[in-house]
Amino acid sequence: MLDPLWTAVDNELSARLIPEDDALTAAVRSMEAAGFPAIQVTPAQGKFLHLLARSVGARRILEIGTLAGYSTIWLARALAPGTPAGSLLTLELDPARAAVARANLDRAGLGDLVEIRIGKALDSLAALARERREPFDFVFIDADKAHVAEYVELSAALCRPGAIVIVDNVVRNGRILDGESDDPSVRGVRRLFDRLAANLSLPSTVVQTVGAKGHDGFLMALVGG
Ligand code: SAH
Ligand code: DHB
Ligand code: MG
């Protein structure tokens, strides 16, 4: 379901609060040109992620699911001036998408700040645990939903206490209500809810969203709560 009113309101909010932006516009165009699905966050959601990352003073950010780097641009811009190169790490399975994202980030002047790691996120997260990097302050999870429970747990283990983890698409038009569903995305999100309900060190909530991308939701978890 996509109510035209949600899109109209989203468009009005974007027009009023989110100025035209060449780098973001070019990133969306690049997706159209490459034939990628238009599953990037909306401008209002991207700015929400940006403000949230800024509000926790994020110095190291992890993103799972890059696509063409649209949300990555919003997040990289949340890093304070002078943040070291490679402070935002984004994980993407598809090399063609990573290449388009690289071009978009370079065009946005954010190329040095962002490292794109190609491969299955589960493999990259396991490698990161071995590398023992500095902990992350903010995580945005937006890749395949079948593994979202693992993504939250593995990425939270790479975070400092007080870090925030956001997960996109945890409502999907209410499809997550169906406990009998055999859709791996629905099952994955429901499994995430089961695990979080039993995990006192990751207090969490979901804010439902409506807008140009339909009815969905952002899950938020606080690491070490
Ligand atoms: N965050 C982006 C949208 C990401 S779409 C934005 O808002 O602009 C989800 C992306 O996750 C796709 O590009 C897809 O190729 C990638 N993906 C899917 N499965 C993955 C996996 N197992 N590991 C890493 N990336 C994956
Ligand atoms: C899909 C994935 C997303 O991350 C999203 O925000 C919307 C749709 C999808 O795979 O259909
Ligand atoms: Mg998404």
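Refer to the structure printed above.
Residues numbered from 1 in each chain as written. Chains lettered and ligands numbered in written order. Predicted model: local features only at pLDDT ≥ 70, side-chain atom pairs only at ≥ 80, totals over all residues. Heavy atoms only, no water.

Caption draft 1: Molecular detail of the overall build of the protein chain. Of the regular secondary structure elements, the protein chain holds eight helices and seven strands. The C-alpha radius of gyration of the protein chain comes to 17 Å, within 12% of the 17 Å expected for a compact globule of 225 residues. Principal-axis analysis of the C-alpha atoms places the extent of the protein chain at approximately 45 × 45 × 30 Å. In the protein chain, buried positions account for 48% of the 225 residues. Considering only residue pairs separated by 6 or more positions, the protein chain has 74% of its internal contacts joining residues 24 or more positions apart. In the structure as shown, the protein chain presents an accessible area of about 10,900 Å², 56% of it carried by carbon and sulfur atoms. Across the protein chain, 24 positive and 28 negative side-chain charges occur, with their mean positions spaced 4 Å apart. (Helix = DSSP H or I, 4+ residues; strand = E, 2+ residues; numbered from the N terminus. Rg over C-alpha atoms; globule rule 2.2 N^0.38 Å. Buried < 20%, exposed > 50% of the residue type's maximum accessible area, 1.4 Å probe, protein only. Contact = heavy atoms within 4.5 Å. Areas by Shrake-Rupley, 256 points an atom, 1.4 Å probe, with all protein chains shown as cover. Lys, Arg positive; Asp, Glu negative; His and termini not counted. Charge placed at Lys NZ, Arg CZ, Asp CG, Glu CD.)

Caption draft 2: Just the site of ligand 1, in detail. In the vicinity of ligand 1 lie 20 residues, with Gly65, Ser71, Glu92, Ala121 and Asp142 positioned nearest. The separation between an oxygen atom of ligand 1 and a polar main-chain atom of Leu67 is 3.4 Å. Contacts to ligand 1 include Ala121, whose backbone N or O atom sits 2.9 Å from a nitrogen atom. Here ligand 1, which alone exposes 590 Å², has 90% of that area covered by the protein. Taken together, the residues of the shell around ligand 1 sort by class into nine nonpolar, five polar and six charged. (Near = heavy atom within 4 Å. Polar contact = N/O pair within 3.5 Å; in protein donor to acceptor, adjacent residues only side chain to side chain. Nonpolar A, V, L, I, M, F, W, Y, C, P; charged D, E, K, R; others polar.)

Caption draft 3: Just the pattern of salt bridges, in detail. Applying the stated criterion across every chain yields a total of 15 salt bridges. Here Arg59 and Glu134 are joined by a salt bridge, their closest N and O atoms 3.4 Å apart. Remark: Glu134 occurs in the loop between helix H6 (121-131) and strand S4 (136-141) and Arg59 occurs in the loop between helix H3 (43-55) and strand S1 (61-64); sequence separation between them is 75 residues. According to the relative accessible area criterion, Glu134 is partly exposed, its value standing at 49%. Residue Arg160 is joined to Asp137 by a salt bridge in which the shortest nitrogen-to-oxygen separation is 2.7 Å. With Arg160 in strand S5 (residues 159-167) and Asp137 in strand S4, the pair connects residues that are 23 residues apart, well separated along the chain. We classify Arg160 as partly exposed; its relative accessible area is 26%. What makes Asp137 buried here is its relative accessible area of 6%. Among the charged side chains, a network of salt bridges with common partners joins Glu115, Arg117, Glu131 and Arg133. (Salt bridge = Lys/Arg side-chain N within 4 Å of Asp/Glu carboxyl O.)

Caption draft 4: View of the sheet that holds S4. Spatially, seven strands are ordered S3-S2-S1-S4-S5-S7-S6 in an open sheet, and the strand pairing comes out mixed. With one partner strand each, in any of the chains shown, strand S3 (114-118) and strand S6 (204-211) form the two edges of the open sheet. Strand-to-strand twist of the sheet, defined as the mean angle between neighbouring strand axes without regard to direction, takes the value 15°. Where helix H5 (residues 95-107) meets the sheet, its contacts fall on strand S2 (88-92) and S3, and the angle it forms with S3 comes to roughly 170°. Here helix H8 (residues 184-197) sits on the sheet and contacts S5, S6 and strand S7 (214-222); the angle it forms with S7, its principal contact strand, is near 30°. (Pairing = 2+ DSSP bridges. Axes fitted to C-alpha atoms, helices over the stretch in contact; angles between N-to-C directions.)

Caption draft 5: The arrangement of the site of ligand 2 in detail. Near ligand 2, the surroundings consist of Ile39, Asp142, Lys145, Asp168, Asn169 and Arg172. In the model, an oxygen atom of ligand 2 is placed 2.8 Å from a nitrogen or oxygen of the Asp142 side chain. Against a free-state accessible area of 290 Å², the protein chains account for coverage of 63% of ligand 2. When its residues are assigned to classes, the shell around ligand 2 shows one nonpolar, one polar and four charged.

Without other data, these values stay purely geometric and don't point to any function.
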